[in-house]
Amino acid sequence: MNTPISISQQLAELSQLRDDLRTPEAKAQLKSALANASNRIVERAAELIAEAEDASLTPDLVKAYRRLKRNPLKKDPGCLAKQAIVKALIQVGYTDPEFFREGIVYEQVEPYWGGQIDTAAEIRGDCAIGLAHCIPVLELLNHCAKLLADEYVEARMGAAQALGALGQPEAGPLLRLKLLAGNETPEVHGECCSALLKIDPLEGLEFIKPFLASENADQCVQTALAVGESKLPGAFDLLRNTWGRRSELNVRESLLLCVGLLRTTESQDFLLSLIDTRDLRTAADAINAIKLNGEVGEIHQRTEAAVEKTGSEELRQVFLDE
């Protein structure tokens, strides 16, 4: 009698497909996995399809999603598989607005530590992203306005990301209002900043500048992260000046990491200038920021030379640590 294969073994077998996800054999195995009774197996299959960006399995993804929505608390507790399927469909370019319209209002309330929790919040947020390029702008704005007031962080973050993905200036007022309203989690604040910089780079950068002086350290850091990832002209001066004004050590460390994200000559030269023994904490922060550029190339060699010049074993160890 054949011994049933455990879920962990099935997951391991699926992971082995990563070397070549587009072979007929791999596709057949992924298709079979999407029909599996275990939501963890379905989740992993959807993740691999997203990684391969293979649209040929789109019908199977949709079919699996529909199946899991029937008796969802039993078939897909935590929404693990449905979340992965929605992300995969977005990744492969699925553009059925009705699918995402349905998902943007989907709720799955489950028991949680003596209370209840809605595990579908991330699905709502992701479906907003899926709708960004397949429905009229005004409709998306209306959906996102509601999601930005959602009880769950994941839904609010998805709404902000969708407005950034929209790439239209019409999303600007909604993002500005959300930012000015305040009392938001730092992560959602940061997503709103990032979205605003995508749709209105010049005025957006000026608009979010005051948040870098926020008494809320996390809000300052999330704003700086959005600035660093934007790589906009003027971003370096803004981050350098903010770093010079902030006194909190953890904030200063994070600001240097944001400077490192810019990967420009002026940002790299600035970070290299901080590598000396006058302030070992700052020097170590600068080294870690530069390491965001990778471990090859001229900047890596220049950093190594700067560290060796200090003669500091402590800084050398920071440079060598992965």
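First, a word on what this report is: a plain description of the structure on this page. Here the structure is a predicted model, which is why all the values come from computation and not from measurement. (Residues numbered from 1 in each chain as written. Predicted model: local features only at pLDDT ≥ 70, side-chain atom pairs only at ≥ 80, totals over all residues. Heavy atoms only, no water.)

1. Brief notes about the pairing of strand 2 (residues 115-118)
In terms of strand pairing, strand 1 (residues 109-112) meets strand 2 through four bridges, oriented antiparallel. Following the sheet pairing, Glu110 is matched in strand 2 by Ile117. The turn joining strand 1 and strand 2, which pair antiparallel and follow one another in sequence, is formed by two residues; a positive phi near 45° is taken by Trp113. (Pairing = 2+ DSSP bridges. Helix = DSSP H or I, 4+ residues; strand = E, 2+ residues; numbered from the N terminus.)

2. Section: the packing of aromatic side chains
By the definition in use, this model includes seven aromatic pairs. Ring centres of Tyr94 and Phe99 lie 5.6 Å apart, and the angle between their planes is 80°; this geometry places the pair in the edge-to-face category. Comparing Tyr94 with Phe99 shows no difference in burial state: the two are buried. Ring geometry for Phe236 against Phe270: centres 5.7 Å apart, planes inclined by 70°, an arrangement best described as edge-to-face. Of this pair, Phe236 sits in helix 15 (residues 235-245) while Phe270 sits in helix 17 (residues 265-273); the two residues are 34 residues apart in sequence, bridging distant segments of the chain. Here the aromatic cluster, defined as three or more aromatic residues joined through ring pairs, consists of Tyr65, Tyr94, Phe99 and Phe100. (Phe/Tyr/Trp six-rings, centres within 6.5 Å; stacked < 30°, edge-to-face > 60°. Buried < 20%, exposed > 50% of the residue type's maximum accessible area, 1.4 Å probe, protein only.)

3. Examining unusual backbone geometry
Generally, phi is negative for residues other than glycine and the peptide bonds are trans, each holding for most cases. Non-glycine residue Glu53 carries a positive phi angle of around 50°. You can see Glu53 is positioned in the loop between helix 3 (39-52) and helix 4 (58-69). Assessed through its relative accessible area of 46%, Glu53 is described here as partly exposed. Backbone geometry places Lys231, a non-glycine residue, at a positive phi of 55°.

4. Considering the side chain of Lys82
Turning to its location among the elements, Lys82 is positioned in helix 6 (residues 80-91). Judged by its relative accessible area of 0%, Lys82 is buried. Apart from residues no more than four positions distant in its own chain, Lys82 is found in contact with Tyr65, Leu68, Lys69, Pro72, Asp76, Tyr106, Gln108 and Ile123. (Contact = heavy atoms within 4.5 Å.)

5. Observations regarding the state of the cysteines
Here, the word disulfide means a covalent bond between the sulfur atoms of two cysteines. Within the structure shown, the criterion is met by zero disulfides. A disulfide-free cysteine, Cys79 has its sulfur positioned 11 Å from the sulfur of Cys127, the nearest such atom. Here Cys79 falls in the buried class, since its relative accessible area comes to 0%. (Disulfide = S-S within 2.5 Å.)

6. A word on the nonpolar core
Counting residues in each nonpolar core, the largest one holds 105 residues, and the members touching the most others are Leu30 and Ile85. Of the residues forming this core, the biggest block, eight residues, is contributed by helix 3. Residue contacts for Ile85: discarding those within four places in its chain leaves Val42, Ala46, Leu61, Ala64, Tyr65 and Leu68. (Core = buried A, V, L, I, M, F, W, Y, C linked by side-chain atoms within 4.5 Å.)

7. Section: helix 10 (residues 153-166)
In this model helix 10 runs 20 Å from its N-terminal to its C-terminal C-alpha over 14 residues, within 8% of the 20 Å that 1.5 Å per residue would give. All of the buried residues along helix 10 are Ala155, Arg156, Gly158, Ala159, Ala160, Ala162, Leu163, Gly164 and Leu166. Of the surrounding secondary structure, the elements contacted by the buried residues of helix 10 are helix 8 (121-131), helix 9 (137-147), helix 11 (172-181) and helix 12 (186-199). In the segment just after helix 10, Gly167 is the residue with positive phi, at about 70°. (Expected span 1.5 Å × (residues − 1).)

8. Some remarks on the environment of Asp285
Residue position: Asp285 is located in helix 18 (residues 280-290). We classify Asp285 as buried; its relative accessible area is 7%. Among residues more than four places away in sequence, those in contact with Asp285 are Glu253 and Leu256.

9. What about the packing of helix 3 against helix 4?
For the pair helix 3 and helix 4, interaxial distance at closest approach is 12 Å and the crossing angle is 150°. With respect to their mutual orientation, helix 3 and helix 4 come out roughly antiparallel. At the point where helix 3 passes helix 4, the crossing takes the left-handed sense. Residues Val42, Ala46 and Ile49 of helix 3 lie in contact with helix 4, whose contacting residues are Leu61, Ala64, Arg67 and Leu68. Residues of the contact of helix 3 with helix 4, tallied by class, amount to six nonpolar, no polar and one charged. (Axes fitted to C-alpha atoms, helices over the stretch in contact; angles between N-to-C directions. Parallel < 35°, antiparallel > 145°, perpendicular 65-115°, else oblique. Left-handed = near helix turned anticlockwise from the far one by under 90°. Nonpolar A, V, L, I, M, F, W, Y, C, P; charged D, E, K, R; others polar.)

10. Side note on the environment of Ser6
Structurally, Ser6 is set in the segment before helix 1 (7-15). Assessed through its relative accessible area of 29%, Ser6 is described here as partly exposed. Measuring from C-alpha to C-alpha, the distance between Ser6 and Ala26 comes to 20 Å, with 20 residues separating the pair along the chain.

11. Here we look at helix 3
Taking 1.5 Å of rise per residue, the 14 residues of helix 3 would be expected to cover 20 Å, and the 20 Å separating its terminal C-alpha atoms lies within 8% of that figure. Of all 14 residues that make up helix 3, ten are buried, and the element is covered over most of its length. What helix 3 keeps buried is the set Asn39, Ile41, Val42, Arg44, Ala45, Ala46, Leu48, Ile49, Ala50 and Ala52. Of the surrounding elements, those touching the buried residues of helix 3 are helix 1, helix 2 (24-34), helix 4, helix 5 (72-75) and helix 6. Glu53 sits one or two residues past helix 3 and shows a positive phi near 50°.

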